[in-house]
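An overview of the molecular structure
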Amino acid sequence: MAGVELSTTKKLVIPVDTVTPKITQEDVKKVIPTDRLGSESTSSMMGRIADRTFNLWFNSDVVQESLLGRVVQETQETLKTDVVVPASTKQGTSHKFSFRVEAFQALAKMEYKGWLNAAVNYRAAASETEVQFQEKVFENKDLILSHKGTRTDSLAMIGLAWRW
């Protein structure tokens, strides 16, 4: 036989890995889009997965605290502009226009706040434009009109939102 004395053999201890991050279901949901499964082409789905993966990586604390993350943040801050037109009287309405270009995400945004709330977003990577109007109709309810258009299809929606 091998000649091993079990009474003097040390117990085998397998260390628990607490350093390597574990991938959870929530992590997978952040990367894999499940909203249009089966209704879009493989290349389009792969592009969305790659975009989500890059955004998740880029928005991580490690990248945001790096030199690259700081340079990107500073660049994007310079591509933001707010224009405010104050009300001419106390009872008047002031108007605020916000323009944002997020070059590294290929995204342009314009928002208006005044008589109503409106927003226009353009995502160059998806060739998608989204327009949304929001108006307060009751103390805790807003009427929302939105339209999203791409090269191949469009979607218009109307909704009523409650604030609790």
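So, how was this worked out
Residues numbered from 1 in each chain as written. Predicted model: local features only at pLDDT ≥ 70, side-chain atom pairs only at ≥ 80, totals over all residues. Heavy atoms only, no water. Helix = DSSP H or I, 4+ residues; strand = E, 2+ residues; numbered from the N terminus. Expected span 1.5 Å × (residues − 1). Buried < 20%, exposed > 50% of the residue type's maximum accessible area, 1.4 Å probe, protein only. Arc of directions from axis to C-beta. Salt bridge = Lys/Arg side-chain N within 4 Å of Asp/Glu carboxyl O. Contact = heavy atoms within 4.5 Å.

**Side note on helix α4 (residues 67-78)**
- Across its twelve residues, α4 extends 17 Å between first and last C-alpha, which sits within 8% of the 16 Å expected from 1.5 Å per residue.
- Within α4 the residues assigned to the buried category are G69, V72 and Q76. For α4, the arc enclosing every buried residue in end-on projection is 65°, short of the 170-degree limit, so these residues lie on one face. In α4, the exposed positions angled more than 90 degrees off the buried face are occupied by L67, E74 and T78.

**Regarding the pattern of salt bridges**
- For the structure shown, the criterion picks out six salt bridges.
- Residue K80 is joined to E77 by a salt bridge in which the shortest nitrogen-to-oxygen separation is 3.1 Å.
- Among the ionic pairs, R123 bridges to E130, the shortest N-O distance being 3.6 Å.
- Judged by relative accessible area, which is 30%, R123 ranks as partly exposed.
- Connected via shared salt-bridge partners are R123, E128 and E130.

**Structural notes on the environment of L107**
- Relative to the assigned elements, L107 resides in strand β3 (residues 107-113).
- By relative accessible area, which is 10% here, L107 ends up buried.
- In this structure, the C-alpha to C-alpha distance between L107 and A125, residues 18 residues apart in sequence, is 8.0 Å.
- Sequence-distant contacts of L107, defined by excluding residues within four places in its chain, comprise R100, V101, E102, Y122 and R123.

Everything listed here is a matter of geometry and, on its own, says nothing about what the molecule does.
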